[in-house]
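Structure at a glance
One-letter residues, chain by chain:
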Amino acid sequence: MAGNSAVSITGIGLVTPAGLGRAANWTWLCSAQPTARLTEKLDDAPVGLASTVPDSFDADRLLGRRVARQYDRSTQLALVAARAAVNEARLSPEVIAEARVAVVIGTAFGGTQTFEENHAALLNSGADAVNARFLPKGLVNMVAGILSIELRATGPTMVASTACASGATAIGIGAGLLRSGMADIVVCGGTDAGVTPLQIAGFNKIRALARGVDREPSAACRPFDREHDGFVMAEGAGILVLERIEDARARGAEPFAKLAGYGASSDAYHVTAPHPKGHGARAAIRAACHDAGLAPEEVAHVNAHATSTPTGDAIEAAVLAELLPEAMVTAPKGVTGHTLGAAGAIEAAYTALALRAQAIPPTANLENPCDRAQGLDLVTKRVRRTRFDTALSNSFGFGGHNAVLVFTT
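Read on for a plain summary of the structure. (Residues numbered from 1 in each chain as written. Predicted model: local features only at pLDDT ≥ 70, side-chain atom pairs only at ≥ 80, totals over all residues. Heavy atoms only, no water.)

**Observations concerning the packing of helix 12 (residues 279-292) against helix 13 (residues 310-323)**
Closest axis-to-axis distance for the helix 12/helix 13 pair is 10 Å, and the angle between their directions is 40 degrees. Between helix 12 and helix 13, the crossing angle belongs to the class labelled oblique. Remark: the crossing between helix 12 and helix 13 carries right-handed chirality. Facing helix 12, whose interface residues are Ala-281, Arg-282, Ile-285 and Arg-286, helix 13 presents Val-319, Leu-320, Glu-322 and Leu-323. (Axes fitted to C-alpha atoms, helices over the stretch in contact; angles between N-to-C directions. Helix = DSSP H or I, 4+ residues; strand = E, 2+ residues; numbered from the N terminus. Parallel < 35°, antiparallel > 145°, perpendicular 65-115°, else oblique. Left-handed = near helix turned anticlockwise from the far one by under 90°. Contact = heavy atoms within 4.5 Å.)

**Some thoughts on the environment of Met-233**
In this fold, Met-233 is placed in the loop between helix 10 (197-205) and strand 8 (235-244). Separated by 128 residues in the primary sequence, Met-233 and Pro-361 place their C-alpha atoms 21 Å from one another.

**As for unusual backbone geometry**
Here the phi dihedral of Arg-207 falls at roughly 60 degrees; this positive angle occurs in a residue that is not glycine. We classify Arg-207 as exposed; its relative accessible area is 67%. (Buried < 20%, exposed > 50% of the residue type's maximum accessible area, 1.4 Å probe, protein only.)

**Regarding the packing of aromatic side chains**
Enumeration over the complete set of coordinates arrives at 4 aromatic pairs. Pairing Phe-109 with Phe-203 gives two aromatic rings, centres 6.2 Å apart and planes at 75 degrees, and the pair type is edge-to-face. You can see Phe-109 sitting in the loop between strand 5 (101-106) and helix 6 (112-125) and its partner Phe-203 sitting in helix 10, a full 94 residues away along the chain. Its relative accessible area of 36% is what places Phe-109 among the partly exposed residues. (Phe/Tyr/Trp six-rings, centres within 6.5 Å; stacked < 30°, edge-to-face > 60°.)

**Re the nonpolar core**
Ile-171, Val-186 and Leu-242 are the most contacted members of the largest nonpolar core, which totals 49 residues. Looking at which element gives the most residues to this core, the answer is helix 15 (residues 343-357), with 9 residues. If you look at the next biggest cluster of nonpolar residues, it comprises 35 residues, including Ile-105, Ile-185, Val-187 and Ala-193. (Core = buried A, V, L, I, M, F, W, Y, C linked by side-chain atoms within 4.5 Å.)

**Quick word on the layout of surface pockets**
In this approach, a probe sized like a water molecule rolls over the atoms, and the result shows the empty space that is left. Counted as a void, the largest pocket has a volume near 680 Å³. In terms of lining, the largest pocket is formed by 40 residues, of which the most central are Thr-272, Pro-274, Thr-309, Gly-312 and Phe-398. Elements represented by at least two residues in the lining of the largest pocket include exactly helix 12, helix 13, strand 15 (390-397) and strand 16 (401-408). Ranked by the residues each element gives to the lining of the largest pocket, the list is headed by helix 13, at 6 residues. (1 Å grid on protein atoms, 1.4 Å probe; cavity = no way out; pocket = protein on both sides within 12 Å on 5 of 7 lines; lining within 4 Å. Points joined across faces, edges and corners; volume = space filled by probe spheres on them.)

**Re the pairing of strand 7 (residues 185-193)**
Most of strand 7 sits inside the fold, with 9 of its 9 residues counted as buried. On strand 7, burial covers both faces: Ile-185, Val-187, Gly-189, Thr-191 and Ala-193 on one face and Val-186, Cys-188, Gly-190 and Asp-192 on the other are all buried. The sheet contact formed by strand 7 and strand 8 spans 9 bridges and is antiparallel. Its bridge partner being in strand 8, Ile-185 is matched across the sheet by Glu-243. (Pairing = 2+ DSSP bridges.)

**Notes on the side chain of Ser-393**
By secondary structure assignment, the location of Ser-393 is in strand 15. By relative accessible area, Ser-393 is classed as buried at 1%. If we skip the residues at most four places from it in the chain, Ser-393 touches Asn-303, Glu-347, Ala-348, Thr-351, Ala-403, Val-404, Leu-405 and Phe-407.

**Re the state of the cysteines**
Simply put, the disulfide is a covalent bond whose two ends are the sulfur atoms of two cysteines. Taken as a whole and judged by the stated rule, the model has 0 disulfides. Cysteine Cys-221 is unpaired, with the sulfur of Cys-164 as its nearest cysteine sulfur at 12 Å. We note that Cys-370 lacks a disulfide partner, and the nearest cysteine sulfur, in Cys-221, lies 13 Å from it. For Cys-370, a relative accessible area of 7% gives the class buried. (Disulfide = S-S within 2.5 Å.)

**Considering the side chain of Thr-351**
Along the chain, Thr-351 falls in helix 15. Looking at Thr-351, the relative accessible area reads 0%, which means it is buried. Not counting chain neighbours up to four residues away, the residues in contact with Thr-351 comprise His-301, Asn-303, Ala-391, Leu-392, Ser-393 and Phe-407.

**Some details on the environment of Leu-378**
Within the fold, Leu-378 resides in strand 13 (residues 377-378). C-alpha separation for the pair Leu-378 and Ala-331, spaced 47 residues apart in sequence, amounts to 8.9 Å. In this view, Leu-378 contacts Phe-224, Val-329, Leu-366, Pro-369, Ala-373 and Arg-384; residues no more than four positions away in its chain are not counted.

**Considerations on the pairing of strand 8**
Burial runs high along strand 8: 10 of the 10 residues are buried. Side-chain alternation along strand 8 places Glu-235, Ala-237, Ile-239, Val-241 and Glu-243 on one buried face and Gly-236, Gly-238, Leu-240, Leu-242 and Arg-244 on a second face that is also buried. Bridging between strand 1 (residues 7-16) and strand 8 involves 8 bridges; their strand directions are antiparallel. Bridging from a neighbouring strand, Gly-11 pairs with Val-241 of strand 8.

**Concerning empty space enclosed by the protein**
Within this structure, the stated rule accounts for 2 cavities of 30 Å³ or more. As for the largest cavity, its lining consists of Leu-29, His-301, Asn-303, Thr-330, Ala-331, Pro-332, Tyr-350, Thr-351, Ala-354, Pro-361 and Pro-362. Listed by contribution, the elements that provide at least two residues to the lining of the largest cavity are strand 10 (301-303) and helix 15. By residue number, the principal contributor to the lining of the largest cavity is helix 15, which donates 3 residues. Looking at the lining of the largest cavity residue by residue, the classes come out as 7 nonpolar, 4 polar and no charged. Lining the second largest cavity, in full, are Ser-74, Thr-75, Thr-107, Gly-110, Gly-111, Lys-137, Leu-139, Val-140, Met-142, Val-143 and Thr-191. (Nonpolar A, V, L, I, M, F, W, Y, C, P; charged D, E, K, R; others polar.)

**Re the packing of helix 1 (residues 22-31) against helix 15**
The contact between helix 1 and helix 15 brings their axes to 11 Å, and the two run at 80 degrees. Judged by the angle between their axes, helix 1 and helix 15 are roughly perpendicular. Residues Arg-22, Asn-25, Trp-26 and Leu-29 of helix 1 pack against Tyr-350, Leu-353, Ala-354, Arg-356 and Ala-357 of helix 15. Its residues assigned to classes, the contact of helix 1 with helix 15 comprises 6 nonpolar, 1 polar and 2 charged.

As structure tokens, this is what we get:
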């Protein structure tokens, strides 16, 4: 990134359909086992397919019943992930008290589950049935506010909401706070709990979801594959701890990777469709690489946004073929499904872990690349172990939001 000080990742917390915690996620991701399944939660929804976090995620046990019941599921996911990231970064209460710790969280929907439950209560039983904690649980800013309260972090606290680019946007903003001197440590990332009837119905109406009617549910999400027909709704949270690298080293923290560049742009084209020529994606990739002091062709690995929608995958593939034709490409959503506002943060973590392990996980369910993806170096079937020192993670969202992060060893 522009400036004098490198930004390092010193903590990673993950709660996703691929598992709880960094190690579990990495093992599952490398196995390329899809997590999509039919779920009873969606018996009344038009599409009953989703990727949910493991049953071992028990918010009452992990957070304590009193704490868990105060928060929306999206906040529960984020809080568990944040605690893991902070613990891994060895941020003790004393360190947090002495530093300016910022919290920046991305979310596309905020407390949707809380809104749905309370709207149903209002319609079925009247105003008195609305929960007294409805607004504190449901407001979109509350996930960042609650994390700052729980961590006792008194630095800048904010939410980034750029649809499915939210998590990556939050990380980019967090890095900017470090570089500007407004914060010493940043806890940042994304969360969403989108496996709800209303969200499923909404995405179904615009024909964004995978049907999977002719195949096993686990094979429904097929990034870059010729038979892709939409994404699988998922839930999850990814939280990173960012610090200036000299500060991390001074307190003995071990960085996973460096966040070297951030680029953002708008398609300025359509509320749901990406620009057909990929202008916004191209601009964000170029901006992130410029911020990192790299030419796009120097990037060795790309963690693609690739949601398994035919239009989105084709446009991203064309842009990658133009700007990064030699890069090794993988797409995690074949495993995790689409975690919406959390995706950019979860996949940023995966990209940093790939750099650290010098290994690129395969794309699940990718058997026959679509036409635009034919020329890409797609990683499939098994983990590719190779030496590389640069990687890029793409995130694109409704409204034309594009956010790209570049990582180095």
